[in-house]
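Listed below, chain by chain, are the residues.
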Amino acid sequence: MINKQLMNLLKDDKKYIVGIVLSKWGTLLANIATVSILCVTLAQYYTKKEVSPLMLFSFVGVVVVSLIVKSIANNWQSHCTHFASSRLRLDVRTAVLTKSLEVDASQQTLNDTELTQLSVEGVEQLENYFSRFIPQFFYCLLSSLTVFVVLAFMYSKPAIVLLLCIPFIPLSIMAIMKIAKKILGEYWDGYLILGEQFYENLMGLTTLKVFSQDRMKQRQMDQRAESFRQATMNLLKMQLNSLIVMDIIAYGGAAIGIVLALSGYVKGVVSLPQMLIFILLAAEFFIPLRQLGSFFHVAMNGISASKRLFDFLDTPNSPLSKSRDEKHTAVPTRIEVEQVSFSYDDDEHYALKKVSAVFEKGYLYGIIGQSGSGKSTFSKLLTGDYTTPLGAITGYDSQGNTISLSDLQDDIVVVNQKSYLFEGSIKENLLMGRKDAQEDELWRVLDSVTLFEFVRAQPEKLDYVIQSNGKNLSGGQRQRLLIARSLLADKTIYVFDEVTSSVDSDSEKAILDAVTRLAKDKIVLFISHRLYTVKEMDSILVFDNGELVEVGTHDVLSKQSSVYQHFLLSEQELLEGGLDYNA
Ligand SMILES: Nc1ncnc2c1ncn2[C@@H]1O[C@H](COP(=O)(O)OP(=O)(O)OP(=O)(O)O)[C@@H](O)[C@H]1O
């Protein structure tokens, strides 16, 4: 019932749980005092047909003090609950986000949608575990003991009977837990799959409409929603059934206690006030346990969500991940790639096979190859999206000192098809590259990608608001803005992956000019499947079927490399003589 791994999450916040338990206990003591004085007063009135002034004074005094204690305890309880839950939510969400940055992409057990759902809804459910279930669990132990002592003090036999009924509730909870695990597993699976499909269909809605597949997808979603509804109903059914079982135990136990107290009174073993106190407190004996039962169901949801979160948090970190505080100072001027191989599925199919290459500062490297030849995989290994134990990638500074790949990655900026522009002003998006950049620097980078005139023509200038992922920009403008942001970051190594693949010829020229200027004092890798874009570059690396087959300038390769010549020929045919490469 108490999950060790979950409890470890609380760290220093255990004091809030103690606070909640003590405040509940304070309320219970106040209740016991009120019930006792009420019963004694009623008994006096019943036997003497009057209430003495002292008794009345004691009654009012105890009720007022109890109300004050209860009000303080309630306030303290909400304070502790608030802190316990808000700190926990923040801690878990931070842990999940940090982990998602540290895990190698190939090791990710959850996709982005699942991660979002678990971090939002899953963490909310987890909060119930800590702020409701756990305090109630400890409170139950304390309250049962307290009420037992009070009742046993008056009439021990029925008090012991009540005590013997108690284990039935945890036992029934444990029995239900076994059945609940499977039902909750189905519930969460259904929830995550539904969320994932909904998100995917939303993202691809235009495509679905274009191909008239939206109705079909809608039907699929309806089916999924229906099975999720059924899983939710099964969960509710299970919860209601178990609550009935717990009600029978709790109220049945209280009824037995009341009957025994009444028979004790009839036999003259207990006095009238004792009998009344017993009757009223018998329910108090079971109510916390009954509440524990209902909190348990909510908590089970959190435990089930936490299992998935813990599986994710237990994923081993990428060997390249490191603390954000560790900063290296050496500036890389050379990268050596030695015999690097990589397979996505750890099987026989290698996306990269024994690739060796050298990249130096001040040079622009074009990387080309047919679709699927391994170009992007190569860039993902450089940037740390994926890691491989096969081969080595090492950096060197100008003195020849080595720089590890993880340090090297601090100096790499990549622009690819997945690079994102956020909803906000142009300025805000640019400042993500370097937050302390001055306005004149922003204009300079805009100018270097020929966006200066476009931005200046906007009435809001740099405050012109772009929609999410640059929806209100043309493809070329979007791509140029992404490059401007990367230039502002002023890193040492740049990887541009297919940045000209979907832009007009003016944007393409602007991008190529900017990249060529950048390479004068940086290491720049430019991945493209269009040969003519890399023709002027200092060195061209030709990938074929995962292998680096040729390296050289256009002039050398076009004379010596059969793969390059073949590539050249097929592209020329495709463009139907539109470009003369040997010009
Ligand atoms: N995430 C992935 N999981 C499994 N296999 C992958 C993954 N990404 C790429 N591959 C495979 O790895 C091989 C190399 O792909 P890669 O994306 O590196 O090629 P590319 O040269 O960049 O192609 P393109 O020019 O079309 O982008 C291909 O066989 C591809 O199917």
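Residues numbered from 1 in each chain as written. Predicted model: local features only at pLDDT ≥ 70, side-chain atom pairs only at ≥ 80, totals over all residues. Heavy atoms only, no water.

**Description of the overall build of the protein chain**
Worth spelling out the cut-off: Helix and strand definitions follow DSSP, with helices as H or I runs of at least four residues and strands as E runs of at least two, each counted in order from the N terminus. For the radius of gyration, the atom set is restricted to C-alpha positions; the globular benchmark scales as 2.2 Å times the number of residues to the power 0.38. Each residue gets one of three labels from its accessible area relative to the maximum for its type: buried under 20%, exposed over 50%, partly exposed in between, using a 1.4 Å probe on protein chains only. By the convention used here, residues are in contact when the closest approach between their heavy atoms is within 4.5 Å. The accessible surface values rely on the Shrake-Rupley method and a 1.4 Å probe; as for residues, cover is taken only from the protein chains in view.
Secondary structure assignment for the protein chain yields 19 helices and 12 strands. For 583 residues, the compact-globule estimate of 2.2 N^0.38 gives 25 Å, and the C-alpha radius of gyration of the protein chain, at 35 Å, exceeds that figure by more than 25%. With the principal axes as the frame, the protein chain shows a C-alpha extent of 120 × 50 × 50 Å. Within the protein chain, the proportion of its 583 residues that are buried is 47%. Across the protein chain, the fraction of contacts at a sequence separation of at least 24, relative to all contacts at a separation of at least 6, is 76%. Carbon and sulfur atoms form 58% of the exposed surface of the protein chain, whose accessible area is close to 30000 Å².

**Quick look at the packing of aromatic side chains**
Rules: Here is the rule: rings of Phe, Tyr and Trp (six-membered ring for Trp) pair when centre to centre is within 6.5 Å. Planes less than 30 degrees apart are stacked, more than 60 are edge-to-face, and the remainder are tilted.
With the rule as written, the count across this model stands at 16 aromatic pairs. With 5.4 Å between their ring centres and 90° between their planes, Phe137 and Phe138 make a pair best called edge-to-face. According to the relative accessible area criterion, Phe138 is partly exposed, its value standing at 35%. Members of the aromatic cluster, connected to one another through ring pairs, are Phe359, Tyr363, Tyr365, Phe378 and Phe543.

**Details of the packing of helix H6 (residues 168-203) against helix H8 (residues 214-267)**
Here is the rule we go by: Lines fitted to C-alpha atoms define the axes, with helix axes restricted to the stretch in contact, and inter-axis angles between N-to-C directions lie between 0 and 180 degrees. An angle below 35 degrees is treated as roughly parallel, one above 145 as roughly antiparallel, one from 65 to 115 as roughly perpendicular, and anything else as oblique. Crossing handedness is defined as follows: a turn of the near helix away from the far one that is anticlockwise and smaller than a right angle gives a left-handed crossing, while the clockwise case is right-handed. Residues are grouped as follows: nonpolar covers Ala, Val, Leu, Ile, Met, Phe, Trp, Tyr, Cys and Pro; charged covers Asp, Glu, Lys and Arg; every other residue, Gly included, is treated as polar.
In contact at an axis separation of 9 Å, H6 and H8 are set at 165° when each is read in the N-to-C sense. Taken together, the axis directions place H6 and H8 in an arrangement best described as roughly antiparallel. Helix-helix and strand crossings are classified by hand; for H6 and H8 the assignment is left-handed. For the contact of H6 with H8, the per-class residue count stands at 22 nonpolar, seven polar and three charged.

**Overview of the pairing of strand S9 (residues 493-497)**
Taken residue by residue, a regular strand's side chains alternate between the two faces of the sheet. Defined as follows: In short, DSSP must find at least two bridges between two strands for them to pair. With the strands pointing away from the viewer, any crossover whose connection runs clockwise from the first strand over the helix to the second is right-handed.
The buried fraction of S9 amounts to five of the five residues, a majority that puts the element mostly inside the structure. Residues Ile493, Val495 and Asp497 of S9 are buried on one face, and the alternating residues Tyr494 and Phe496, pointing to the opposite face, are buried as well. Note that strand S6 (residues 412-415) and S9 share four bridges and pair parallel. Each bridged residue has a counterpart across the sheet, and for Val413 the counterpart in S9 is Tyr494. Pairing geometry for S9 and strand S10 (residues 523-527), over five bridges, is parallel. Across the sheet, Asp497 pairs through a bridge with Ile527, a residue of S10. Once you follow S9 into helix H16 (residues 505-518) and on to S10, the crossover reads as right-handed.

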